[in-house]
Amino acid sequence: MTDRFILALDQGTTSSRAVLFNQHGKVVGIAQREFGQLYPQPGWVEHDAVEIWATQRAVMTEVLARAKVRHNQVAAIGITNQRETTVIWDAETGEPIHNAIVWQCRRTADLCQQLKQQGLEAHVQATTGLVLDPYFSATKIRWILDNVEGAQARAERGELRFGTIDSWLLWNLTEGKVHATDHTNAARTMLYDIHNHCWDQTLLQALNIPTSLLPQVQPSQSLFGQAQLGPVAVPVAGIAGDQQAALFGQQCTRAGMVKNTYGTGCFMLMHTGDKPVQSTHGLITTLACSSATQTPYALEGSVFIGGASIQWLRDELGLIRNAAESETVAAQVDDNNGVYLVPAFTGLGAPYWDPDARGTLVGLSRGSNRCHIVRATLESIAYQSNDLLQAMQQDAELTLTELKVDGGASNNNLLMQLQADISHCDVVRPSNSETTAAGAAYLAGLQVGFWQPQQLAALNPPARQYQPQLAEPQRQARLTGWQKAVAQCRFKGN
Ligand code: ADP
């Protein structure tokens, strides 16, 4: 029998990747290409959507060629993508009418302010689960319609299509036949009603966005269309935004299961079952990966400066030569010796939401050395993640037993042990770190019967588990030290 595979397309903010999975869930090939980041003005970020598709198509071909897998051996394609990034294209020609506006782009800050003045903030939160912010797609759509000549009229005539990157790839993969997205991506547009599962008319009217622009919304695990792979038609059978794909890839599929991705920033998601949880700590309510029978919810929070603080130690302070060295340097001391770093370089996110907070290093004494500062920096990643974790548990009224981890900095054993100690829970790192691509692959594989649901847990078993070792009084003392440090960084002088 010929081996068959699932092809996951992992379209990220800086690169397009294609990852090939075999029947055992093992990665048998990866191809990756970076593409250009465009910064037309301070605070503005764009991508060339045509380049995104070109790089994505190239890595698809490359990964199959390198792994010597024929087109007809691909059982299905799954897509995972950078979320919120907005593309509008011509339905006839498939040409984007403007560069993609990237999630990081702040150009619609004024428009968001206006919408707040119109009193829409509470409606946005109640309907979409989001905070009213330029991050999400809605105001980016408005900006393109306002700034490309004739775009509003063309949109009203039904000549244009909007999509997040998943929709853009799907449109191209199906040669313009399918205009669709999944629940997780729709939930990031700030136009989707996550309770009634439909586009929200109030927001569409407030932003004057014609319905004809919008993709059809389907379950994450469903048949989206047939991609033309050389001469072969291959089903696109799974789509999810990157963080929700990682949640699924970590097999967090029941209420109370949490994953944290330790990258430049940290992204934490908690599955909350079929119950949408409204946060009182500034977390976002969003949709987790769905199927024909389940539309689960998740709570989401992020740490702005996670692994980036390690880069700061390396590049700005010169205390370490590379990221991995943070572990060996911090391990030279037994504890932080009272030193705490709060890396609020760009303000603090949930649960504090203080844009004016700035980075602070406290508790220095004559005996403080480089190792203490490096250790305090690693600890800050764990403390910030713990703040999110505690907020989620309180909001969801759920107690967590284990935290699943991935991302570059999750390879730091000391950091993972610190997280287990500080959060007083088991920390579990899976053997395959490609959890985002795995999530997309699992969705597609389930849909076409390549895998059965009961097989999934075995596809990516734990590689390493960290158990809490810190006695409760010490844990409390450290948490108090962290809270004091946070209070200091929020101090506003005259
Ligand atoms: P992203 O997807 O956000 O680019 P990655 O998952 O590739 O991030 O992780 C890279 C980040 O993790 C960088 O900020 C880097 O400083 C940090 N990092 C990588 N390896 C380690 C390590 N061993 N210890 C601590 N931090 C690390």
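Computed from a prediction, not measured in an experiment: that's the story for all the values here.

### Description of the nonpolar core
Right, so step 1: Core analysis: the biggest nonpolar cluster contains 54 residues, and Tyr262, Val342, Leu348, Leu403 and Leu415 have the highest contact counts within it.
Right, so step 2: No other element matches the 12 residues that helix H12 (residues 370-396) contributes to this core.
Right, so step 3: Counting residues in each nonpolar core, the second largest holds 45 residues, with Ile97, Val102, Ile141 and Leu160 among its members.

### Overview of the packing of aromatic side chains
Right, so step 1: Counting across every chain of the model gives 12 aromatic pairs.
Right, so step 2: Seen in terms of ring centroids, Phe450 and Trp451 are 4.8 Å apart; in terms of plane orientation they differ by 75°. Their pairing is edge-to-face. The same class applies to Phe450 as to Trp451, namely buried.
Right, so step 3: Three or more aromatic residues joined by ring pairs make a cluster, and in this case those are Trp89, Trp168 and Trp171.
Right, so step 4: Seen from the ring of Trp143, Arg107 lies directly overhead, with NZ or CZ sitting 4.5 Å from the centre.

### A short note on empty space enclosed by the protein
Right, so step 1: Per the counting criterion, the structure on display carries 1 cavity of 30 Å³ or more.
Right, so step 2: Quantified by volume, the largest cavity comes out at close to 100 Å³.
Right, so step 3: Around the largest cavity sit 15 residues that line it, and Val303, Leu348, Gly349, Ala350 and Gln384 are the ones nearest its centre.
Right, so step 4: Secondary structure elements with two or more residues in the lining of the largest cavity: strand S18 (297-303) and H12.
Right, so step 5: Classifying every residue of the lining of the largest cavity gives 10 nonpolar, 4 polar and 1 charged.

Basis of the calculations
- Residues numbered from 1 in each chain as written.
- Predicted model: local features only at pLDDT ≥ 70, side-chain atom pairs only at ≥ 80, totals over all residues.
- Heavy atoms only, no water.
- Core = buried A, V, L, I, M, F, W, Y, C linked by side-chain atoms within 4.5 Å.
- Buried < 20%, exposed > 50% of the residue type's maximum accessible area, 1.4 Å probe, protein only.
- Helix = DSSP H or I, 4+ residues; strand = E, 2+ residues; numbered from the N terminus.
- Phe/Tyr/Trp six-rings, centres within 6.5 Å; stacked < 30°, edge-to-face > 60°.
- Lys NZ or Arg CZ within 6 Å of the ring centre and 35° of its normal.
- 1 Å grid on protein atoms, 1.4 Å probe; cavity = no way out; pocket = protein on both sides within 12 Å on 5 of 7 lines; lining within 4 Å.
- Points joined across faces, edges and corners; volume = space filled by probe spheres on them.
- Nonpolar A, V, L, I, M, F, W, Y, C, P; charged D, E, K, R; others polar.

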